[in-house]
Amino acid sequence: MATIKPRHITPMAQIARILRRLSQWRPDVTKLWRGWTGRIIGLLLVIGLAVLAWFWPSVHGNAVAGASVGARVACACHFIEGRPLNQCRDDFESGMGMVTISSDETAKSVTARVLVLSRQTATLKPGAGCVLEPWAN
């Protein structure tokens, strides 16, 4: 009776065979858009874009106002009061959690950002305090 001698496969050969199979696999993305699933995904995308377009003026206006207030308050706190910049966040109103601040010590200015929606800089002017840059229209 003849028996088959088992092949010994090294772990590296097994890994190479698995990687070769994975590199040949291509997902069929077109199936996602077929049938009810595709219609629901498309409808949700259209509704999401419509909601974003409807509320965009309000969202953008709040971002500009938040960045402006953050820059002005942080500039006064850091350069006039002399407190560290990380303590100046304590002076922010509630709801200003998305405002990030950074300072330029040589220019004596603080820049506040709200995600990628808005950026505003306030600079310390002698005799005038912290002054915001003019808004771009």
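Notes on the structure follow. (Residues numbered from 1 in each chain as written. Predicted model: local features only at pLDDT ≥ 70, side-chain atom pairs only at ≥ 80, totals over all residues. Heavy atoms only, no water.)

**Some details on the state of the cysteines**
Each disulfide consists of one covalent bond between the sulfur atoms belonging to two cysteines.
Move 1: Scanning the entire structure with this criterion turns up two disulfides.
Move 2: Disulfide partner of C75: C130, at an S-S distance of 2.2 Å. Its S-S torsion of about -80° marks the bond between C75 and C130 as left-handed, since a negative value means left-handed. Here C130 lies in strand β4 (residues 129-132) and C75 lies in helix α2 (residues 35-80), a separation of 55 residues in the sequence. (Disulfide = S-S within 2.5 Å. Helix = DSSP H or I, 4+ residues; strand = E, 2+ residues; numbered from the N terminus.)

**Observations concerning the environment of K125**
Move 1: Considering the arrangement of structural elements, one finds K125 in strand β3 (residues 118-125).
Move 2: When its relative accessible area of 40% is taken as the criterion, K125 is described as partly exposed.
Move 3: Residues K125 and S109 lie 16 residues apart in sequence; the distance between their C-alpha atoms is 9.4 Å. (Buried < 20%, exposed > 50% of the residue type's maximum accessible area, 1.4 Å probe, protein only.)

**Structural notes on the pattern of salt bridges**
Move 1: Applying the stated criterion to the full structure yields two salt bridges.
Move 2: Across the pair R83 and E81 runs a salt bridge, and its minimum N-O distance is 2.8 Å.
Move 3: A relative accessible area of 23% places R83 in the partly exposed class.
Move 4: The salt bridge involving D91 is made with R83; its shortest N-O contact spans 3.1 Å.
Move 5: Put simply, E81, R83 and D91 are held in one network by salt bridges that share partners. (Salt bridge = Lys/Arg side-chain N within 4 Å of Asp/Glu carboxyl O.)

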